[in-house]
Amino acid sequence: MPPAIVGHEGPLAGQRFPIDDKPITFGRRGDNSVVITSERASRFHAEVRREAEGYVLLDRGSSNGTLVNGTRVTTHVLRPGDTITIGGETFRFEAFDDSETIVNTSLMQHFRPSVPDIEPEQVLHVTVSGGGPVGLAFALLLDHLMGQRVTITIYDGRWTEDGSRIVWKNAAQGNNRRQQVVTVQSRQYLNLPEDVQSRLFTEGSYSEMWPAGPDSIRGYGPRNIRIAYIEDTLLEMANERSARIRLVPERFDAAERQDAVAKEHVLAICEGGRSRTREHFTDRFGRADDSIFSLDGRHVQDVVLGLRVKSSLPDPAIVLLTVAQNRFLLNSLRGEGFLNMRLTDDEAAEVVGIDPVRHVFEECVASSPCLMERTEDGDFHCSTHHTLFLPALIRGSALWRRAKEGLALFGVADGDVSAVTAFRLDMVQRPRFTARLYSPTSTTPGTYGFLLGDAANAIHFWPGRGLNSGLASAISLARSLNRNWRGRPLRDADFVRHEAAMSMLQYRHKSRAWNAMVTVDDQGVTRAIKDTIVQGIEEGHAAPDREADVDALMERLRQIRDRLSPRVPGMPDDATLIRHLHELRSETLRTLLASGAWETLTVGGEEVDIDIFDQPVSAASPVASPVASPAEGALVARQADGQTMPPGGTPSV
């Protein structure tokens, strides 16, 4: 007898709904497989579908949730006897034969330890270069989906051994930990294993300052969380899975490990935007094209100064002031984070360190980038290069004076600035993200390489896409491997859906990020936003009408506040905003005005929906081609007019 959902309590008690290859859907809408009349059920509430790990129950963004055995779940692999509660009605999952409930019975080991080990040739061997959030999330998700069918080795030179565990190196060991705050979309974090979600989002570890929008799913909003906390938590969880995840505290060298990689099935490259492994395999992945993100034949780059700060402003005020202009961006967790300042080319040239002993200038802060911690004397010191941040030492530095204006805008006292860094941002178009690195031989299985995270799509962070794009790429690849691994050599056709997802991520995220780097002036000419800031500075030197600029900025703030207030309570009133603006110099007011507000129509809307790539491919499906066109990208990344995206990729305006 096939597995079935059987009514247990309620109007459908005793009715049987057999499960076949099509999903069973639950909800109030009449075209659901199981129609539930209770008002507590959503129109399309949940579904049960057959996946590689078995029959999986998914809550589809319902208002009142779905319970399994009394516990609210978003996804759950069903076992015989599980009770499902939806809208007050209860169902049971019945299956009388393990072979009917699990597509691949070897996966039962993941849930029932009594199942014997599978044959060695049935195990997928994966190497991951780069153990940041994307590489670790990919490994944990793959382990969750495939269980004993996979072994994973992760390399990262930023790790070290601490007894039997692998931990992150500290600053004294040459690793300046990233303390930036990222905003993770619900579309991404809800696709991570439930144990990963519960460990990441403990009380006090995150905040929800940005409102939910068209990209928020299942009733959950975006969450701000410190990236070092993500790294610590995921590495701790990987340590706990030593049976299948091996952690190697060494930088991955593709040339030195060529023979070893050729014996693996998969090499996932997660090293970041400056990946040496990706460059080693340039002949496989192809060369990047920067002309798409150029103006007048010149590749557009932004240099950003980052100040680690603690702001006294509440989250709603931070949101409003951030999206109202393009000069400063504060991304924080309860006020603590980085105030980022978009620099002009002249200002970027000032971002240097100076060796106080040898009196030699160094570009360490801009090129590495290094984090320069504040000393007891108030200077900013780079422990790696033993330099001091020069602009803060020079009394007449225009850059440092303008940076202090940003501090005043966001209510940051001088003593609440604890470090400074800087980094360059640009984007390129990549021709492909999947490549066969080594063909199979009589002794090797054939190795496929994949670009994930910033190694695939380094994205300008101003509209916030980096980590979310990286998590989406990791989710897509983990699902593709789980779906297609059958103990035989992998094929190009196995990754058509994944490659299409990656191409759409590149199209959608980079096209949106490009609109955070450029603007169109009154004559219809496209200009870099940093050049409009130059114009604002020049106009600010020419004795502008200060009160007119305050009035213009207040009108912009009011319009944004009116749109945000229904979703973000606690917005500052006019008097509070005017006090903030009157503290700023005339040059700063004109610069903020010239920089423009965040473009709501060009950077807003939903993300690429990775979930659609797990549906059966039909002849009309846009994922039939491994390279997605802009038109195809539009099918998936449905633009929502009137929405904008704050750092980390969450709708706000």
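Since the model is a prediction, treat every value here as computed from it, not as a measurement.

Trainee: Which residues make up the sheet that holds strand β19 (residues 245–248), and what values go with them?
Mentor: Spatial ordering of the open sheet is given by β19-β13-β12-β20-β33-β32, a layout of six strands whose pairing is mixed. Strands with a single pairing partner mark the edges of an open sheet, and in this sheet they are β19 and β32 (434–438). Taken pair by pair, the neighbouring strands of this sheet meet at an average axis angle of 20°, ignoring direction. Alignment of strand β13 (residues 150–155) against β19, held across four bridges, turns out to be parallel. Note on β19: the bridge partner recorded for I154 is L247. With respect to the sheet, helix α2 (residues 133–146) is in contact with β12 (124–129), β13, β19 and β20 (266–269), its orientation differing from that of β13 by roughly 170°.

Trainee: Could you give an account of the confidence of the model for the chain, with specific residues and numbers?
Mentor: Taken as a whole, the chain shows an average pLDDT of 85; of its residues, 88% reach a score of 70 or greater. Within the model, the stretch residues 97–116 combines pLDDT values under 50 with 44 contacts to residues more than four positions away or in other chains. For residues 617–653, every residue scores under 50 in pLDDT, and the model assigns this stretch 129 contacts once sequence neighbours within four places are set aside.

Trainee: Kindly report on helix α16 (residues 496–514), identifying the contributing residues and their values.
Mentor: The end-to-end C-alpha separation of α16 is 27 Å, in line with the 27 Å expected for 19 residues at 1.5 Å each. Across the 19 residues of α16, 16 count as buried, placing the element largely inside the fold.

Trainee: Describe the side chain of T66, and please don't skip the residues or the numbers.
Mentor: Considering the arrangement of structural elements, one finds T66 in strand β7 (residues 66–68). Ignoring sequence-local partners within four residues, the contact set of T66 consists of H45, A46, L57, D59, T71, R72, V73, I84, T85 and I86.

Trainee: Can you lay out the nonpolar core for me, pointing to particular residues and giving the numbers?
Mentor: Counting 80 residues, the largest nonpolar core has L124, V126, F138, L142, I152, I154 and L481 as its most contacted members. Counting residues per element, this core draws most heavily on α2, which supplies ten residues. Sequence-distant contacts of F138, defined by excluding residues within four places in its chain, comprise V126, V128, A268, L452, A474, L477, A478 and L481. The next biggest cluster of nonpolar side chains, apart from the first, holds 59 residues, and it includes M341, V365, A516 and M571.

Trainee: Hey, could you go over the packing of α2 against helix α15 (residues 466–484) for me, with residue numbers and the actual values?
Mentor: Their axes nearest at 9 Å, the elements α2 and α15 cross at an angle of 30°. It follows that α2 is roughly parallel to α15 by the angle criterion. In terms of crossing hand, the pair formed by α2 and α15 is right-handed. Counting all contacts with α2, which are made through P133, V134, A137, F138, L141, L142, L145 and M146, the residues of α15 involved are L467, G470, L471, A474, I475, L477, A478, R479, L481 and N482. In terms of residue class, the contact of α2 with α15 is built from 15 nonpolar, two polar and one charged.

Trainee: Mind laying out the environment of G453, listing which residues take part and the relevant values?
Mentor: Counting through the fold element by element, G453 comes out in the loop between β33 (447–451) and α14 (454–457). Among the residues examined, G453 registers a relative accessible area of 6% and is labelled buried. Along the chain, G453 and G470 lie 17 residues apart, while their C-alpha atoms are 3.7 Å from each other. The contact partners of G453, leaving out residues within four places of it in the chain, are V134, G470 and S473.

Trainee: Lay out the pairing of strand β15 (residues 165–168) with the relevant residues and their values.
Mentor: Looking along a regular strand, one sees side chains alternate from face to face of the sheet. Burial along β15 is one-sided: the residues I166 and W168 are buried and none of R165 and V167 is. Here strand β14 (residues 159–162) pairs with β15 via four bridges, running antiparallel. Across the sheet, D162 pairs through a bridge with R165, a residue of β15. Once β14 ends, the chain turns through two residues before running back antiparallel as β15, passing G163 with a positive phi of about 65°.

Rules of the game
- All residue numbers here refer to positions counted from 1 along the written sequence of the relevant chain.
- A pLDDT threshold of at least 70 governs which residues receive local features in this predicted model, and a stricter bar of 80 or more applies before side-chain atom pairs are shown or counted, although totals over entire chains, interfaces and linings include all residues.
- Side-chain descriptors were evaluated using all non-hydrogen atoms of the structure, hydrogens and water having been removed beforehand.
- Two strands form a pair only when DSSP identifies at least two bridges running between them.
- Strands here are runs of E lasting at least two residues and helices are runs of H or I lasting at least four, both read from the DSSP assignment and numbered beginning at the N terminus.
- For helices, the fitted line uses only the C-alpha atoms of the stretch in contact; every axis is such a line through C-alpha atoms, and the angle between N-to-C directions lies from 0 to 180 degrees.
- Note on contacts: a residue pair qualifies if any of its non-hydrogen atoms lie within 4.5 Å across the two residues.
- Confidence of the predictor in every single residue is expressed as pLDDT, which spans 0 to 100.
- For a helix, the expected span equals 1.5 Å multiplied by the number of residues minus one.
- Think of it in three bands: with a 1.4 Å probe and only protein chains considered, a residue is buried below 20% of the maximum accessible area for its type, exposed above 50%, and partly exposed in between.
- To form a nonpolar core, buried Ala, Val, Leu, Ile, Met, Phe, Trp, Tyr and Cys residues must be joined to one another through side-chain atoms within 4.5 Å.
- The cut-offs work like this: below 35 degrees is roughly parallel, past 145 is roughly antiparallel, 65 to 115 is roughly perpendicular, and the gaps in between are oblique.
- A crossing counts as left-handed when the near helix is turned anticlockwise from the far one by less than a right angle, and as right-handed when that turn is clockwise.
- Just so you know the grouping, Ala, Val, Leu, Ile, Met, Phe, Trp, Tyr, Cys and Pro go in nonpolar, Asp, Glu, Lys and Arg go in charged, and all remaining residues, Gly too, go in polar.

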